[in-house]
Amino acid sequence: MNRLMALLLALCSVLLGLLLIAVVTGAGRNVPLPHPEFGPMQVGIDAGELGAPVWAAYVAGIVMLGTMWVAMLIGFRAGHWIHRAVSAWTVGYILVFVILMWSFGAYVAGDTTIVLGFTAPTSLLVYGLSLAPWIPLLAITWKFEDAYFGPEEQARFDEIVAETGGQSHPSRDGED
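Analysis parameters
- Residues numbered from 1 in each chain as written.
- Predicted model: local features only at pLDDT ≥ 70, side-chain atom pairs only at ≥ 80, totals over all residues.
- Heavy atoms only, no water.
- Helix = DSSP H or I, 4+ residues; strand = E, 2+ residues; numbered from the N terminus.
- Buried < 20%, exposed > 50% of the residue type's maximum accessible area, 1.4 Å probe, protein only.
- Contact = heavy atoms within 4.5 Å.
- Areas by Shrake-Rupley, 256 points an atom, 1.4 Å probe, with all protein chains shown as cover.
- Axes fitted to C-alpha atoms, helices over the stretch in contact; angles between N-to-C directions.
- Parallel < 35°, antiparallel > 145°, perpendicular 65-115°, else oblique.
- Left-handed = near helix turned anticlockwise from the far one by under 90°.
- Nonpolar A, V, L, I, M, F, W, Y, C, P; charged D, E, K, R; others polar.
- pLDDT = per-residue confidence, 0-100.
- Phe/Tyr/Trp six-rings, centres within 6.5 Å; stacked < 30°, edge-to-face > 60°.
- Patch = residues over 30% accessible without salt bridge, like charges linked within 9 Å, V, L, I, M, F, W, Y side chains within 5 Å.
- Salt bridge = Lys/Arg side-chain N within 4 Å of Asp/Glu carboxyl O.

## A closer look at the overall build of the protein
- Each helix and strand counted, the protein has seven helices and four strands in total.
- Out of the 176 residues belonging to the protein, those deemed buried represent 22%.
- Intrachain contacts of the protein at a sequence separation of at least 6 include 60% that bridge at least 24 residues.
- Accessible area of the protein: about 12400 Å², with a carbon and sulfur share of 69%.

## A look at the packing of helix H2 (residues 54-73) against helix H3 (residues 81-108)
- Their axes nearest at 10 Å, the elements H2 and H3 cross at an angle of 165°. By the angle between their axes, H2 is roughly antiparallel relative to H3. Considering only the axes of H2 and H3, their crossing is right-handed. Here Ala57, Tyr58, Gly61, Ile62, Leu65, Met68, Trp69, Met72 and Leu73 of H2 lie close against H3, whose contacting residues are His83, Val86, Ser87, Trp89, Thr90, Tyr93, Ile94, Phe97, Val98, Met101 and Trp102.
- When its residues are assigned to classes, the contact of H2 with H3 shows 16 nonpolar, four polar and no charged.

## Topic: the environment of glycine 66
- Positionally, glycine 66 belongs in helix H2.
- For the pair formed by glycine 66 and leucine 11, sequence separation is 55 residues and the distance between their alpha carbons is 7.2 Å.

## A closer look at the confidence of the model for the protein
- Per-residue confidence for the protein gives a mean pLDDT of 76, with 79% of residues at or over 70.
- Across the protein, the secondary-structure element scoring lowest on mean pLDDT is strand S2 (residues 42-43), at 60, and the one scoring highest is helix H1 (residues 2-25), at 86.

## Quick word on the packing of aromatic side chains
- Counted according to the given criterion, the structure contains three aromatic pairs.
- Taking 6.0 Å as the distance between ring centres and 50° as the angle between the ring planes, the aromatic pair formed by phenylalanine 118 and tyrosine 127 counts as tilted.

## A short note on a nonpolar patch on the surface
- Together, Val115, Leu116, Phe118, Leu125, Val126, Tyr127, Leu131, Trp134, Leu137 and Leu138 make up a nonpolar patch on the protein surface, roughly 940 Å² of accessible area in all.
- Elements with a minimum of two residues in the nonpolar patch: helix H4 (120-129) and helix H5 (134-142).

## Quick word on the pattern of salt bridges
- Inspection of every chain in the model, using the stated rule, returns one salt bridge.
- Here glutamate 159 ties to arginine 156 by a salt bridge, and the two come within 2.7 Å at their closest N and O atoms. Linking glutamate 159 with arginine 156, this pair stays in helix H7 (residues 151-163), spanning three residues, or about one helical turn.
- Among the residues examined, arginine 156 registers a relative accessible area of 42% and is labelled partly exposed.

Given below as structure tokens:
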């Protein structure tokens, strides 16, 4: 558990560092830019230059996915199958993210295809990154009690109750 908490702290520190770098360097634009072909038109922030290198998007995305992975692992009993399943799912999710970023670059360059009715990046976003989180959510919901509170934890709980003689906490007596 301590290693997971340390990893979570490290990942959050990296995200905070990226945010501070973005603020200090002025990445992103808050105002629209003139359209390159049609003078009276404006180009919004979504189509403007972000002022940050592409690798920053990869790093930020992967660090956010890593944070999500660590947050899902906190509290799982070591060796439970769901622990390994969440880790495997996270690796797949990161691969889909990297493919999405790569396909978006191809889309911007004009080299894209239609997949399931959308351009490749949109299909990856709609059918991949949007639907994929339901897989671990359903698995965790289905096996929550077993994954978080197993026989060893129940035995330890019973031992603690036996040590206290089944007495309730003194500050809570009479609060019923």
